[in-house]
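# Geometric and topological summary
Now for the letters of each chain:
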Amino acid sequence: MWRRTLGAGLLTLLVSLAAMAAQGAKVESTGPLAADGVPETVRKALASNGYRVSLGSDLFCEVWFRATIPTGKTDATGAVYTTLPEGGLIGVIRFPKATNDFRGQSVAAGLYTLRYEVHPTDGNHMGISPIRDFLLLVPVAADTNPDAPIKFEELVKLSAKAAGTNHPAALSMATPGAGAAPSVTTDEHNHTVFAAKVKTAAGETPIAFIVKGQAEQ
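Residues numbered from 1 in each chain as written. Predicted model: local features only at pLDDT ≥ 70, side-chain atom pairs only at ≥ 80, totals over all residues. Heavy atoms only, no water.

This part takes up the pairing of strand S9 (residues 169-172). Of the two faces of S9, both are covered, the one formed by Ala169 and Leu171 as well as the one formed by Ala170 and Ser172. Bridge count between strand S8 (residues 133-139) and S9: four bridges; the pairing is antiparallel. In the strand pairing of S9, Leu135 is matched with Leu171. (Buried < 20%, exposed > 50% of the residue type's maximum accessible area, 1.4 Å probe, protein only. Helix = DSSP H or I, 4+ residues; strand = E, 2+ residues; numbered from the N terminus. Pairing = 2+ DSSP bridges.)

Between its first and last C-alpha, helix H3 (residues 152-163) extends 17 Å over 12 residues, near the 16 Å set by a 1.5 Å rise per residue. Packed against the buried residues of H3 are strand S6 (106-107), strand S7 (110-118), S8 and S9. At the C-terminal side of H3, Gly164 shows a positive phi close to 70 degrees. (Expected span 1.5 Å × (residues − 1). Contact = heavy atoms within 4.5 Å.)

A separate point is the nonpolar core. Most often, soluble globular proteins have nonpolar side chains that are buried together. Core analysis: the biggest nonpolar cluster contains 50 residues, and Phe65, Phe194 and Phe209 have the highest contact counts within it. Leu33, Trp64, Leu111 and Val140 belong to the second-largest nonpolar core, a separate cluster that totals eight residues. (Core = buried A, V, L, I, M, F, W, Y, C linked by side-chain atoms within 4.5 Å.)

Time to look at the pattern of salt bridges. Overall, the coordinates contain six salt bridges when judged by the stated rule. Notably, a salt bridge pairs Arg94 with Glu62, separated by 2.6 Å at the nearest N-O pair. In this pair, Arg94 is assigned in strand S4 (residues 89-95) and Glu62 in strand S3 (residues 58-65), connecting sequence segments 32 residues apart. Residue Arg94 is classed as partly exposed on the basis of its relative accessible area of 24%. (Salt bridge = Lys/Arg side-chain N within 4 Å of Asp/Glu carboxyl O.)

This part covers the side chain of Asp143. Tracing the chain through its elements places Asp143 in the loop between S8 and H3. The class of Asp143 is buried, set by a relative accessible area of 3%. In this structure the side chain of Asp143 is engaged in a polar contact, spanning 2.7 Å, whose partner is the side chain of Thr113. Within the structure, the side chain of Asp143 is placed 2.7 Å from the side chain of Arg115, a separation counted as a polar contact. In this structure Asp143 touches Pro39, Val42, Leu89, Thr113, Arg115, Val138 and Ile150, once residues within four positions along its chain are discounted. (Polar contact = N/O pair within 3.5 Å; in protein donor to acceptor, adjacent residues only side chain to side chain.)

All right, on to the sheet that holds strand S12 (residues 203-212) then. In any sheet, the strands associate via hydrogen bonds between backbone groups, in a parallel or an antiparallel arrangement. As summarised here, the arrangement of the three strands in space is S10-S11-S12, forming an open sheet in which the pairing is antiparallel. A strand with exactly one partner marks an edge of an open sheet, and here the two such strands are strand S10 (183-186) and S12. The mean angle between the axes of side-by-side strands here comes to 30 degrees, regardless of whether they run parallel or antiparallel. Two strands pair when backbone bridges link them, and strand S11 (residues 192-200) and S12 are joined in this way by nine bridges, in the antiparallel orientation. Across the sheet, Lys199 pairs through a bridge with Glu204, a residue of S12. (Axes fitted to C-alpha atoms, helices over the stretch in contact; angles between N-to-C directions.)

Rendered as structure tokens:
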């Protein structure tokens, strides 16, 4: 029995490594966010370095985390990042080309803040992700106060602007692995997962989220 289990685990690992090799996924360090159109309050809240995530020869996205993320607390069942503040600013992401969020909605090229939230437990969201933790995208020009958590209803409306629909633009978070960070890996569902370590008010903590890939239909 253990041989079958071991064989299945090795097969999963080989498939994942093959997918990564095919994509040529890599992550590199970059400097501070210098793009125009970013509110100075947001720019000053970010760390002095960011990350460039490339798939093959193409830059897929750039990420800058907040210099120090305030701690919070959520008792939501199914949440993994229970010390992140709901509605709190986690960082900024830039997509050089149009992409899709975790629900498959189109997201235009540009800069977006990333705010942490836990998805509802209503019928529209059941089973969309193994964990309830998400990062909601907000057009950076519409998010000017990094120190203020945004209430759920307001955050949903702001994030919907990123998708141009009635639903927020969301990136699913993932359970952080034990490997080195920063890193880019491919999970068993062929999702591209970016992982890094962020500084919070309680200390350094790992974080991971899906930058490319959609929910299973």
